[in-house]
Amino acid sequence: MNAKVSGPFTLPSLPWDEAALDPVISARTMSFHYGKHHKAYVDKLNELAAGTKYAEMPLEQVIVAAAKDESAKKIFNNAAQIWNHTFFWNALKPGGGGKPNGEVAGAIDAAFGSPDAFKKKFAQAAVDQFGSGWAWLVVKDGKLSITSTSNAGTPITDGITPLLTIDVWEHAYYLDYQNKRPDFANAVIDKLVNWDFANLQFKTAAQRKAA
Ligand code: MN
């Protein structure tokens, strides 16, 4: 996503209307989460990167390079949060959820045994992430697994391709679910995850490996 975009970094458009995920994620949550939080990461990265080598890099390159640069922790945090949020929005859609489809459905069965077993494990990763972070369905060498990252952490720094994610920072759910993170995670998996997007990421990972 946005692999060719160099600084100044921009806030990508949402793939649907701000109210489209209501009531699973309300328009009010989206207005803060996208309009304030996601935007703030973009503004902050532009401020921090100005005049540095990072201002000339595409976003994914900023993330990978800043992850190895002790002096660029703030740049990493803001860049990774921009990428993670853009990925999250694209991994959701109104009327999503339900059973996995396409090639990912077979990979889910191979890795977890069944869609239900996958769902339990993905929701558990979201619930068990202590404090702020992200739960991820990822693919490496054709095999799916579930992982989580803290704060701005993102699997792409380890060369791992995400297929889906759930933002478990409190700002993602507090207005709609208060402290009930499990309800939020289950509702996102049941009603919003975009299996077409997951399949697209899965194919892209396979092509990258073959190249
Ligand atoms: Mn967030």
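Residues numbered from 1 in each chain as written. Predicted model: local features only at pLDDT ≥ 70, side-chain atom pairs only at ≥ 80, totals over all residues. Heavy atoms only, no water.

A. A look at the coordination of the manganese ion. Looking at the manganese ion, the protein donor atoms are His 33 (NE2), His 85 (NE2), Asp 167 (OD) and His 171 (NE2), and they sit 1.9 to 2.1 Å from it. Here the donor residues for the manganese ion map to a single chain with the spacing H-x51-H-x81-D-x3-H. Of this pair, His 33 sits in helix 1 (residues 27-49) while His 85 sits in helix 3 (residues 73-90); the two residues are 52 residues apart in sequence, bridging distant segments of the chain. Across the pair, exposure class does not vary: His 33 and His 85 are buried alike. (Donors = N, O, S within 2.8 Å, 3.2 Å for Na, K, Ca; no water. Helix = DSSP H or I, 4+ residues; strand = E, 2+ residues; numbered from the N terminus. Buried < 20%, exposed > 50% of the residue type's maximum accessible area, 1.4 Å probe, protein only.)

B. Quick look at the environment of Ala 66. On the secondary structure map, Ala 66 appears in helix 2 (residues 59-66). For the pair Ala 66 and Ala 79, spaced 13 residues apart in sequence, the C-alpha separation works out to 8.8 Å. Leaving out residues up to four positions away in the same chain, Ala 66 has contacts with Tyr 54, Ala 72, Ile 75 and Phe 76. (Contact = heavy atoms within 4.5 Å.)

C. Examining the packing of helix 4 (residues 102-112) against helix 8 (residues 195-210) more closely. The N-to-C vectors of helix 4 and helix 8 enclose an angle of 80°; their axes lie 7 Å apart at closest approach. Judged on the interaxial angle alone, helix 8 and helix 4 are roughly perpendicular. Contacts between helix 4 and helix 8 involve Gly 102, Glu 103, Val 104, Ala 107 and Ile 108 from the former and Trp 195, Ala 198, Asn 199, Phe 202 and Lys 203 from the latter. Per-class residue counts for the contact of helix 4 with helix 8 are 6 nonpolar, 2 polar and 2 charged. (Axes fitted to C-alpha atoms, helices over the stretch in contact; angles between N-to-C directions. Parallel < 35°, antiparallel > 145°, perpendicular 65-115°, else oblique. Nonpolar A, V, L, I, M, F, W, Y, C, P; charged D, E, K, R; others polar.)

D. Structural detail: the pattern of salt bridges. According to the stated counting rule, one finds 6 salt bridges in the structure shown. The residue Glu 47 makes a salt bridge to Lys 44 at a minimum N-O spacing of 3.2 Å. Residue Glu 47 and its partner Lys 44 are located together in helix 1, separated by 3 residues, close to a single helical turn. For Lys 44, a relative accessible area of 33% gives the class partly exposed. Put simply, Lys 203 and Glu 103 hold a salt bridge, and the shortest N to O gap is 4.0 Å. (Salt bridge = Lys/Arg side-chain N within 4 Å of Asp/Glu carboxyl O.)

E. The arrangement of the layout of surface pockets in detail. Looking at the second largest pocket, its volume works out to about 190 Å³. Lining the second largest pocket, in full, are Val 139, Lys 140, Asp 141, Gly 142, Gly 159, Thr 161, Phe 202, Ala 205, Ala 206, Arg 208 and Lys 209. Where the lining of the second largest pocket is concerned, the elements lending two or more residues are strand 1 (133-140) and helix 8. The element contributing the most residues to the lining of the second largest pocket is helix 8, with 5 residues. By residue class, the composition of the lining of the second largest pocket is 4 nonpolar, 3 polar and 4 charged. (1 Å grid on protein atoms, 1.4 Å probe; cavity = no way out; pocket = protein on both sides within 12 Å on 5 of 7 lines; lining within 4 Å. Points joined across faces, edges and corners; volume = space filled by probe spheres on them.)

F. Spatial organisation of the domain arrangement of the protein. Considered domain by domain, the protein is made up of domain 1 (27-90) and domain 2 (102-210). Counting residues at the interface gives 20 residues for domain 1 and 23 residues for domain 2. Among the residues of domain 1 in contact with domain 2, Thr 29, Phe 87 and Phe 88 are the three that bury the most area, contributing 35% of the side total. Along the contact surface separating domain 1 from domain 2 lie 0 salt bridges. (Domains from an automatic or database assignment. Buried area = accessible area lost by both parts, 1.4 Å probe.)

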